[in-house]
Amino acid sequence: MKRMIIWLVILTMLVTALPGTLPAAQATMCAQHTWSAWQQEREATCTSPGWQTRYCTVCGNGWEGREYPPALGHNFQFVVRDQPTCTTPGYGIDTCTRCGANRDNGRRIDALGH
């Protein structure tokens, strides 16, 4: 019996010490969670989704779930790297305005001529 009580005390201490767990007294105060607004945990990028969570405003514990805003996708815009002149061609490339990724190896821009 004494051993069982010691194990229960140790187990209780371990459980309440874990991140995201509540002491029994605090858990009873929060019989029904009240969820916060979605909080941005990681912004979505061009190629990977972001994620958001909601926490209980009463006890500050747990999360209701995660919402995954989708990846934004690239926003390519043609950017002239070398301006063409009368006699020499120029060069341009499709570049993402958000992350700077290039879509391809670029395109030649014909010389302007005289």
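Here the structure is shown first, and the text comes after it.
Fair warning: this is a prediction, and the values are worked out from it, not measured in the lab.

1. A word on the state of the cysteines
- Across all of its chains, the model carries 0 disulfides by this definition.
- Unpaired in this structure, cysteine 99 has its nearest cysteine sulfur neighbour in cysteine 96, at a distance of 3.8 Å.

2. Remarks on the pattern of salt bridges
- Applying the stated criterion to the full structure yields 3 salt bridges.
- In this structure, aspartate 110 and arginine 108 form a salt bridge, with 3.8 Å as the shortest nitrogen-oxygen distance. The pair aspartate 110 / arginine 108 is uniform in exposure class, with both members exposed.
- Several salt bridges share partner residues, and in doing so they unite Asp94, Arg103 and Arg107 into one network.

3. Observations concerning the side chain of threonine 53
- Structurally, threonine 53 can be placed in strand β2 (residues 51–53).
- You can call threonine 53 buried: its relative accessible area is 1%.
- Looking at threonine 53, its side chain comes within polar contact range of the side chain of glutamate 41, at 2.8 Å.

4. Side note on the sheet that holds strand β6 (residues 107–109)
- The 3 strands lie next to each other as β4-β5-β6, forming an open sheet whose pairing is antiparallel. The strands lining the two open edges of the sheet, one partner per strand, are β4 (76–82) and β6. In this sheet, neighbouring strand axes are inclined to one another by 35 degrees on average, regardless of whether the strands run parallel or antiparallel.

5. A look at the sheet that holds β2
- Pairing within the open sheet is antiparallel, and its 3 strands lie in the order β1-β2-β3. Strands with a single pairing partner mark the edges of an open sheet, and in this sheet they are β1 (39–42) and β3 (66–67).
- The sheet contact formed by β2 and β3 spans 2 bridges and is antiparallel. Among the inter-strand pairings, glutamine 52 is bridged to a residue of β3, identified as glutamate 67.

6. What about the environment of glycine 113?
- Secondary-structure assignment places glycine 113 in the segment after β6.
- Each C-alpha atom of the pair glycine 113 and threonine 87 lies 6.0 Å from the other, and the pair is 26 residues apart in sequence.
- Here glycine 113 is in contact with Thr85 and Cys86, once residues within four sequence places are set aside.

7. Quick look at the side chain of threonine 95
- Its location among the elements puts threonine 95 in strand β5 (residues 90–96).
- A polar contact of 2.8 Å, which involves the side chain of threonine 95, links it to the side chain of arginine 81.
- Within polar-contact distance, the side chain of threonine 95 engages the side chain of asparagine 102 at 3.0 Å.
- Excluding anything up to four places from it in sequence, threonine 95 contacts Asn75, Phe76, Gln77, Val79, Arg81, Gly100, Ala101 and Asn102.

8. Some words on the environment of threonine 85
- Among the structural elements, threonine 85 can be located in the loop between β4 and β5.
- Residues threonine 85 and histidine 114, spaced 29 residues apart in sequence, show a C-alpha to C-alpha distance of 9.2 Å.
- Dropping the residues within four chain positions of it, threonine 85 is found in contact with Ala111, Leu112 and Gly113.
- Within polar-contact distance, the side chain of threonine 85 engages the side chain of threonine 88 at 2.5 Å.

Each value, and the rule that gives it
Residues numbered from 1 in each chain as written. Predicted model: local features only at pLDDT ≥ 70, side-chain atom pairs only at ≥ 80, totals over all residues. Heavy atoms only, no water. Disulfide = S-S within 2.5 Å. Salt bridge = Lys/Arg side-chain N within 4 Å of Asp/Glu carboxyl O. Buried < 20%, exposed > 50% of the residue type's maximum accessible area, 1.4 Å probe, protein only. Helix = DSSP H or I, 4+ residues; strand = E, 2+ residues; numbered from the N terminus. Polar contact = N/O pair within 3.5 Å; in protein donor to acceptor, adjacent residues only side chain to side chain. Pairing = 2+ DSSP bridges. Axes fitted to C-alpha atoms, helices over the stretch in contact; angles between N-to-C directions. Contact = heavy atoms within 4.5 Å.

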